[in-house]
Structures are given as C-alpha cells and as structure tokens.
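Descriptive analysis of the structure
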Amino acid sequence: MLLNLNRLGWWKLVLFGITVLTTAFLLLPILFIAALSFGSSQWLIFPPPSWTLRWYQELFADPRWLASAWTSFQIAIIVTVLSVLLGLATSFGLTRGRFAFREGLKALFLTPMILPVVVLAVALYAFFLKIGLNGTLTGFVISHLVLALPFSILSIGNALEGFDKSIEDAAVLCGASPLEAKVRVTLPAISHGIFSAAIFSFLTSWDEVVVAIFMSSPTLQTLPVKVWATLRQDLTPVVAAASTLLILLTVLLMVLVAVVRKGLKS
Amino acid sequence: MVSHTETDSGRAYAPTRVRRLTDFELTLPALVLLVLFFVVPVVILLMRSVTEPVPGLGNYVELLGSSTYLRIFTNTFLVSGLVTVVSLLIGFPVAWALAVMPGRAASIVFAILLLSMWTNLLARTYAWMVLLQRTGVINKVLIGLGLIDKPLPLVNNLTGVTIGMTYIMLPFIILPLYGVIKKIDPAILQAAALCGANRWQSLVRVLLPLAVPGMAAGALMVFVMSLGYFVTPALLGGTANMMLAELIAQFVQSLVNWGMGGAAALVLLVVTLALYAVQLRFFGTDRMGGR
Amino acid sequence: MSKPFLQIRGIRKEYGPVTAVQDVNLDVAQGEFLTFLGPSGSGKSTTLYILAGFEDPTGGDILLNGESLLSTPSHKRNIGMVFQRYTLFPHLSVGENIAFPLKVRRLPKAEIDAKVRQMLKLVRLEGFEDRKPAQMSGGQQQRVALARALAYDPPVLLMDEPLSALDKKLREEIQHEIRRIHQQTEVTILYVTHDQEEALRLSDRIAVFSKGVIDQIGTGPELYANPATRFVAEFIGDSDFLPCNVVSAGNGRAEIAICETMTVADIPLHGTASSGSKAALMLRPERLLLSKRQSESGLPVTVSDITFLGNNVHVATKTSKGNNLSVRLPFGHEAISGLNRGDAVWLKFDAESAHVFGQ
C-alpha cells in the first residue's frame, strides 16, 4: 500500500510536494550562482541590473587563479593515477587474501574516510613541517592520496567482490598465465569499479579544501585554497564566475560518467 | 606450449603458500603510506596534547573546564544535532517518494542530488553566503512578501551554519534511506493492509520500524560528519560562532598551541570513533561507506 | 588397456586440521566418461580442483600418460574445464570467448576462425558468435563454456556441476548435448555432480564420494545392484533400512532376524558382522512384494499412507517396532485395490535384492 504509487491517495501529493521543494532547495543555489556570475552588480544584487562577462575576464586576467587551477589539476591527476594503482593492488590483496588480520586491515584502510579531515590536516601539517614537505607538490599529493585511497579501495573492492573468481580461473585453464588472465579478463570485467575509483579520487583531490589550507604556501596553492582565501576577504563576483566554471566541470563529469557507464554496460 | 623450464615449473608448484604471501604483500604499499602519513602523524599530534607545554593533563583540564570552550562544544553538538534532525525529517519523505516514483522522475531527482553532492563544497557554501546575506535574495523575498520588516540576520550565526550544513548533508541521508526503503518488499505493506491496518498504522507500525535501521545509520553518519566539519561553519558562522573543527585549526594556525590543538583533536576523535563503534555494534558494517 | 590414461594416486588434501580428501585412488581410461558423485563436502570438487591445479594436494600424485601433472601450473596443463557458475568473459563476445584460449596460444588468425566456427557448430550455436554473454540464457552460456573448454582439444575435460544452475527441463536437454559431444569428440570427461539421476544418465562409470574417500567405483547398474556401503545404497536409488540382529555370518552372506518374528538367510553382507551383532538391512521400495493375506514368511506392517505418483503408487508402512518401510507398486497393481490407511499387510522380499550392512 504505502509503497504502491496508486494506493497512496493524497499522501502522494504531500510526499511529492516535499520532494519537489527539496529538489528545488538543492538545485536553486547552484543556478543562482551561475546567474549571478553574469550579473553586473559588484554587490551581487539579484536580479542583476544588467549582464556582463566582466567577472570571467577578471578571473582569466589574474594569473594566480590560472596557476592555482593548474596546480589543482596536476595534483588531482597524479593522485588519481596513484590512487587507482594502489587501490587495485590493495583490493586484490584484501579480496583474494586469506591472511588472519584481513578484516582489521580493511578497517584501517577505510578510516581516513570517516575521521574528521581537520584532524588529519593538522596532524599532517605538523608532520610535514618537520620533514619539509609543507608547501610542496609531493606534500599535497601524499595528503590527498591518503584521503582518496579509501574511496578507490571501496569502489574497486566492491567490483572485485562482485566478480566471480571462477572466471579468472577459467582464463587460466584456457592457457593464460595468472597475470595475463588478470589483465585480459579481470581488469576489463571490473572496469566500472576502476572508473568509479578514478572519478572519486579525482574529485576528492580536486575539491579538497581543509588539508590544502594547511598545506599551501604563498607560492603553491590549489584552486579551493584560492577560493577560500578570496572568500575570507570579500564576496567578490569573481568567485561566482570561478564557482560557475566548477559547476560546469561537475556537469561535464556527470555526463562523462553517464556515457561511460552506458558504454560499459552494453 | 609444453616447453617450460625446470625453474618455471618448480616455482609454480605449491602456489598456495606463495600466493598467500603475495596477497598480503599487495596491500603493503598502501599500508606503508597509511602508517607513515596517517597513523604516525595523528599519533604524534595526540601525544603532544599530553607533553606540551609541560607533561600532564593540563591541556584537557583547560579545554574541558573553561566556559569559552564549553560554548564551542555546545555549539558543535547543537548544530550537528539540529542538522541531523532536519535532514532526517526532510530526507525520509523524499527517500520514500523516490522509492515509489516512476523511474524517469526519480532519475531527474537523482541527477540533481548528485549534481549538488559533486559540486565543489566552496561553491555551494559561497552560494549560501550570498543568498543569506542581509541584502540577499532570501531576505528580499521575505520582505517583499511582507513577512518581515527588517532583514533577518541569517549569516554569520548558527542559523546560517545550520542551513548550509543541512544543504550539504541532505544527499547523505536521502541516498542510504532510499536504499533501505527500496529493499522493503511492497507485499509486506499489502499484508499489513489485509491485516486491517490503515495507512497511518501501516506507516507507524510497519514502514517506519523497517526503515529505522537505515534512518539511524544515516543519522549517525550525518551527525558524525557534522561534528568535524570545518569549511561551512567557518564561512557561514563567522568568527563569533566557532565550532570544534575551527577551534582545532585556530589552536594550530593562529595560536600555535600544539598541546591544546592535540587535545581538541583527541576529543573530536574519541567522540567520532565512539559513535562509529555504536554504529558498527548495532547496525553492522554494511552502512559504513555505503556498502 | 596397457597403461591407464589418467591415474590419481593417493591424493590427500588437508586444510589445517580439516581433511577434505583422504586417500583417493582412481584410474581413468582414455575417452571414458567418469562421474564423481557425492553430497557437498564429500571431496569430489576438491579432487577436481586438484586436477585443474587450483589446489595443491597435501600428498599423492596425478599422472597423465604416465607423467606427473603436479609440477605443471594450471595454465600449462592444457586441461579443459566447465564450471558450476557461468564463467564466460563478460566483456567478450561468444566468438571471442571461444577464441580466447587459441589467442593465448598465439595460433594464426585463420586457424582460430576455423576452430571457432567448428566449435560453434559442435555446440549448435552457429550464428551466435557476436552475442555478449549477458544476452544469452544460462543453458546457452554453458554450451559456449563447453565450446571454449574444448576449443584447444584438451586431453581431459573437467566439469564441475555445470548444470546445477539450470532448471530440470533444460538440464535434461543439455545432458543429451553433453552425451552427444562426448561421443563425437571422444574426449575424456571427469564430471562432478550431486545428482544421482544425472550421474546415471551420463556416465560410463561413477565414483561415489563420501567424507573425502571414494566408497565405490562402478557402472550405474553395479552400484545399484551391489552397493559396497550403506552410503552408496542410500545415494544410488531409493532405500530403507531396518535394524536387525545377525544370526550367523560368513562368506559374504548373513542370516538375520528382524522384528523378532522373522529370519531370512543368505543375504549379501557388507562390512563386518558376527553372530549376535547388530546390523542394518537395506530394502528397495520397488523390490518389495505386498500382500494382504497373512503369511508366516512375510513381515507384518501397517499401512500409514498411500500416495499416487502417476505410473507408480507409493505405500508407506510401519513395522511393529515403528520403522518406516516404503513400497512402490505399479499403478493398478491388484494388491493396492481396496487398500486403506491402517490396514495390516505383509511384506516379502527376495534375499538377493536385500543387503545387510555390518558395523
């Protein structure tokens, strides 16, 4: 009854009403920012008195914005590659292994996901101050890798657990060496998990603020740190322009995911 | 095909023992990374809370004894609790509606949920800073509707933090709840109806109890995430309304007081881990990380 | 038969304190269809996995054409296998699946194409080469798996309950296919199943596994007519067991007393028994005669239920001691007409159709 659309009666209207309002609540701020980034008002008055591309021009004229975006991109790509490679190795070990403390190890690998990021940020900051990794690309990569790895292990681990080991065994009996069987059969079969791992790892690093705030130096900062620093001073519409580009990137990424998922399915 | 060498076949024999070792070895690189750059730094930080400036529990006495810090703890728990309750109240009907909606409509809602989740956290927080400011759209609309005369102070206080955090946490409660409700067999509710339960009784006595494990797990996750949140409270709460994560950052960044920073971090860690232990104890591991 | 084709010599497998396979010895002739029959956990699958090289035996050896297989890794054993679960490579088409072992062996393309066509013809799936596994039914998938396992002409084909995921009708259909393919290719097949009907239908010989050992090896009729152990008697065909006392025993024969009222002599004896010891008497429902007339030589029982099963009628009876005995009679048999629940009847059996199992 309650789970049958046609039997809900007027309850249906209430449920759908709440859903529509919630959906609007989730969507409107995003649309609003996109609209404001083209508005002429310095004070972000809505609706804007007129439309302009001025904030985008300011954004692209400032080399610090571009430099921080490039830094973020570099870090995110390196983190994605390392996270997927480590995630693959770790997931194979955890899924296939039969050693005693496997469950404990699994829990340890997932802890960075549930611990408050600020604790890791402060701890790594102190540690990196001592060993001289603060404000370096390596420092960023290491700290983002710690945060991204659990997502990678989860995605690939799930895919691998859903993959029947017998299929790999069949490939081995067909004459493929164990490594060849993994490369030619197992990896293509779990490609959706690898893809998710890559997307999650990229987003984790690309959007990460808290650790980055501590890790950054005047000469090396990521895009989120640049946004953060700007926001701490004032609510300039340049941030609206930057945010809109970030939203556009998210939409593109979602489309990519949808297309790839479809491609992987067929 | 049969021409393999002595050493080749000799090594391949007894692969069971070799394979087990390799499985563990495969996890070693990640393990080293995590121990070196996660376990060790966190332990060092926590150690400093009892060694700096002088050995002892002085930092904890100060942290838990002063009214300034007590207010920060209260703020943190109050906002987290409020965010959790509001998310749950909104999230349950939405998850329920999603579970009964026709596929096409549901996929639109899902797309918006994902878009909101995946959009840069700072971009979303920035949007709320603009929306909630004194001259912002929300105040303008409320004045325009004649509901208020003067703009409400919606930002730089806990109201702003609660709104912004609820916005961020909603998808985290809707998605797992949707999973739980979707798994409930509609036949169970048909059976309840045949047993004579009306819709209200079916909801209170059947659907809600069946959804409680999912609700509790989702709520606990949102609560714990809120406790340690840094960015949104810092930007929407202003300097006067600090939360625990900001306090830790401030101890370290502005005050360079590692002892107090470590102590506050330990408090946050202990609360977080204790709540996760509760979750594991009562709801198993399957909700952890969405599995 | 000069030298056996495949020899399994004293294979043991222990997992810590648990012994999965105790001591399996077996000779298989070339071209034979041999089935490992047994309940789950009886060691039949473990033995098959040792043959495939996925498990290493704790002791023993496996010889193919007189040469040990154990030092050869799985992918060089050149053995074919069809698994219980569907193991087609999900990202490859049917044709690419069958071509996989040939590509791994780096055969020329023309040869691969010809072989794929030949295999598709063998399993009667011509025209399916471009389908993806997900677009095929379970039965079709297992036929492709069979084609893939035979594509490289393996000397031995292992099949691990390949039909257990299929429904009954489809299962029978593919059993016929397997028989036909076996006759056509003359490949040696080792087949694992827990389904006695499947084993009887397919095999030249059956090895009955129980608790990690082979209880008996033989053709279906041999196992049915002359079960070596109580377990084999229970597993092949239907049977009931009555506790009995041994009056005398010797030369593989025993005289026994049942229900204190009746003695029967010259029953085949398995296991050890001596005068005065307890034993179990096995009776097959289809070998019992039922009579409504009282007789000295009959075992008195009470009818507890009568079930109509199409061409058979099943009569459940109870002895005076409370043991259950089933009788199966053809539909329309005169002994059944007018028979009711609660009636007293007398059962007779031929000594040769019964078996006594000692301790």
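This one's a predicted model, so the numbers in the text were calculated from it and none came from an experiment. (Residues numbered from 1 in each chain as written. Chains lettered and ligands numbered in written order. Predicted model: local features only at pLDDT ≥ 70, side-chain atom pairs only at ≥ 80, totals over all residues. Heavy atoms only, no water.)

Considering the overall build of chain A
A tally of regular secondary structure across chain A gives 12 helices and 0 strands. Tracing chain A from N to C terminus, the helices and strands come up as α-α-α-α-α-α-α-α-α-α-α-α. Across its three principal directions, the C-alpha atoms of chain A cover 70 × 65 × 30 Å. Burial statistics for chain A: of 266 residues in total, 57% are counted as buried. Carbon and sulfur atoms make up 71% of the accessible area of chain A, which amounts to about 11000 Å² in all. Averaging the positions of the 17 positive and the 11 negative side-chain charges in chain A gives two centres separated by 5 Å. (Helix = DSSP H or I, 4+ residues; strand = E, 2+ residues; numbered from the N terminus. Buried < 20%, exposed > 50% of the residue type's maximum accessible area, 1.4 Å probe, protein only. Areas by Shrake-Rupley, 256 points an atom, 1.4 Å probe, with all protein chains shown as cover. Lys, Arg positive; Asp, Glu negative; His and termini not counted. Charge placed at Lys NZ, Arg CZ, Asp CG, Glu CD.)

Points about helix α8 (residues 158–183) of chain B
All names here are of chain B. The end-to-end C-alpha distance of α8, which contains 26 residues, comes to 37 Å, matching closely the 38 Å that a straight helix rising 1.5 Å per residue would cover. Largest kink in α8: about 35 degrees, centred on M169, with the proline P171 one to four residues after it. Of all 26 residues in α8, 19 are buried; the element is thus mostly enclosed. Structurally, the start of α8 carries an N-cap: the backbone nitrogen of T159 is 3.2 Å from a side-chain oxygen of N157. (Expected span 1.5 Å × (residues − 1). Bend = angle between axes of the 7 residues up to and from the residue. Polar contact = N/O pair within 3.5 Å; in protein donor to acceptor, adjacent residues only side chain to side chain.)

Looking at the pattern of salt bridges
Tallying each qualifying case throughout the model produces 27 salt bridges over all chains. Where K106 of chain A meets E161 of chain A, a salt bridge forms, and the shortest distance between an N and an O atom there is 3.6 Å. Pair noted here: K106 of chain A is in helix α4 (residues 102–114) and E161 of chain A is in helix α6 (residues 137–161), with a separation of 55 residues, a long-range link. Its relative accessible area of 22% is what places K106 of chain A among the partly exposed residues. Taken together, the salt bridges that share partners define one network made up of R124, R143, E177 and R180 of chain C. (Salt bridge = Lys/Arg side-chain N within 4 Å of Asp/Glu carboxyl O.)

Thoughts on the interface of chain B and chain A
Taken together, the 86 residues of chain B in the interface contact 95 residues of chain A. Counting the surface lost from both chain B and chain A, the interface buries some 8300 Å², and carbon and sulfur atoms represent 82% of this. The three residues of chain B that bury the most area against chain A are W118, Y126 and R199 of chain B, which together make up 11% of that side's buried surface. Counting every contact that joins chain B to chain A gives 0 salt bridges. Seen at the junction of chain B and chain A, the total is 6 residue pairs in polar contact (both at pLDDT 80 or more). With 22 residues, the top contributor of residues to the side of chain B that touches chain A is helix α2 (residues 15–51) of chain B. In the side of chain B that touches chain A, the residues fall into 67 nonpolar, 12 polar and 7 charged. (Contact = heavy atoms within 4.5 Å. Buried area = accessible area lost by both parts, 1.4 Å probe. Nonpolar A, V, L, I, M, F, W, Y, C, P; charged D, E, K, R; others polar.)

Some thoughts on the UniProt feature "transmembrane region" (unreviewed entry) in chain A
Per the UniProt record, "transmembrane region" (unreviewed entry) is found at residues 12–45, 65–95, 107–128, 140–160, 194–215 and 235–260 of chain A. Summarising residues 107–128 of chain A: 91% helix, 0% strand, and an end-to-end C-alpha distance of 25 Å. (UniProt positions renumbered as here; feature names shortened; annotations may be inferred.)

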